[in-house]
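# Observations on the three-dimensional arrangement
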Amino acid sequence: MTAIATQSRLTLHAETAGDMMVSNPVSIRENASVHEAIVLFTKKGFSAAPVIDTAGRPVGVVSLSDVIIHDRTKMEWGSGAGERFKFEDPAEGEPRSEAQVAEVAATRICELMTPAVFSVSPDTAAAKVIQEMLALKVHRLFVVDTDGVLVGVISALDVLRHLGQ
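What counts, and at which threshold
- Residues numbered from 1 in each chain as written.
- Predicted model: local features only at pLDDT ≥ 70, side-chain atom pairs only at ≥ 80, totals over all residues.
- Heavy atoms only, no water.
- Pairing = 2+ DSSP bridges.
- Helix = DSSP H or I, 4+ residues; strand = E, 2+ residues; numbered from the N terminus.
- Contact = heavy atoms within 4.5 Å.
- Axes fitted to C-alpha atoms, helices over the stretch in contact; angles between N-to-C directions.
- Buried < 20%, exposed > 50% of the residue type's maximum accessible area, 1.4 Å probe, protein only.
- Salt bridge = Lys/Arg side-chain N within 4 Å of Asp/Glu carboxyl O.
- Arc of directions from axis to C-beta.
- Patch = residues over 30% accessible without salt bridge, like charges linked within 9 Å, V, L, I, M, F, W, Y side chains within 5 Å.
- Areas by Shrake-Rupley, 256 points an atom, 1.4 Å probe, with all protein chains shown as cover.
- Polar contact = N/O pair within 3.5 Å; in protein donor to acceptor, adjacent residues only side chain to side chain.

### A word on the sheet that holds strand β10 (residues 150-155)
- Spatial ordering of the open sheet is given by β2-β10-β9-β8, a layout of four strands whose pairing is mixed. Edge strands, defined here as strands with exactly one partner in the open sheet, are β2 (22-23) and β8 (119-120).
- In the sheet, β2 pairs with β10 via two bridges, with the strands oriented antiparallel. Across the sheet, the residue bridging to S23 is G152, located in β10.
- Its contacts with the sheet place helix α5 (residues 126-136) against β8, β9 (140-144) and β10, and it is angled at close to 130 degrees to β9.

See below:
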């Protein structure tokens, strides 16, 4: 006897971006330090966050990958600076000087963020949100109000949460 697989269609249970977004998203200020971003990512379990200016408008996005890449390109492994304290790099086993660690920690988010802002309004049709994410090849879109202030974020996972039979 042959089993016939039946396909069920998934339905998007959301009408607008406002239905899918996470409201009041955790964000990071553009003048925050890399250290603050690392603490945020660690405490919240995030891999990325919107970067906002003093008015609350998104100016970019910073990811854990951005931090790691910046760390790797900024450090000069094995230099003789700051001999008092050394920090081991777990990947390389080479010492980092106190000065090198301080330099990376003092770097501002605006220096390493991706300055692209892809946004929609809360009343954007849900299907349009998905089309935009696919066309732009992004994992998240920002939701902004009429003044351009960040009011939400929609991630690919948020879209999946609204799919069902």
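### So, the environment of L134
- Considering the arrangement of structural elements, one finds L134 in helix α5.
- L134 gets classed as exposed once you look at its relative accessible area, which sits at 64%.
- Measuring from C-alpha to C-alpha, the distance between L134 and A156 comes to 9.8 Å, with 22 residues separating the pair along the chain.

### With respect to the pattern of salt bridges
- Overall, the coordinates contain three salt bridges when judged by the stated rule.
- Here R29 makes a salt bridge to E36, at a shortest N to O gap of 3.4 Å.
- The partly exposed category is assigned to R29, whose relative accessible area is 45%.
- Here D158 and R161 are joined by a salt bridge, their closest N and O atoms 2.7 Å apart.

### A closer look at α5
- Residues A126, V129 and M133 constitute the buried set of α5. All buried residues of α5 lie within an arc of 55 degrees about the axis, which places them on one face of the element. In this structure, α5 carries Q131, L134 and A135 as exposed residues pointing more than 90 degrees from its buried face.
- Buried residues in α5 make contact with β1 (11-12), α1 (17-20), β8, β9, β10 and α6 (156-161).
- At the C-terminal side of α5, K137 shows a positive phi close to 55 degrees.

### Quick word on the pairing of strand β4 (residues 48-52)
- Of all the five residues making up β4, five are buried; the element is thus mostly covered by neighbouring parts of the structure.
- Of the pairings in the sheet, the one linking strand β3 (residues 28-29) to β4 comprises two bridges and is parallel in character. Note on β4: the bridge partner recorded for R29 is I52.
- Relative to strand β5 (residues 58-63), β4 runs antiparallel, the two sharing five bridges. Paired with A49 across the two strands is V62, which belongs to β5.
- Connecting β4 to the next strand, β5, in antiparallel fashion are five residues, including G56 with a positive phi near 85 degrees.

### Remarks on a nonpolar patch on the surface
- Taken together, the side chains of L10, L157, L160 and L163 make up a nonpolar region of the molecular surface, amounting to roughly 380 Å² of accessible area.
- Within the secondary structure layout, L157 lies in helix α6.

### Description of the side chain of D158
- Relative to the elements of secondary structure, D158 occurs in helix α6.
- One polar contact links the side chain of D158 to the main-chain amide nitrogen of S155, over a distance of 2.8 Å.
- The contacts of D158, once residues within four sequence positions are left out, are M20, V22 and V153.

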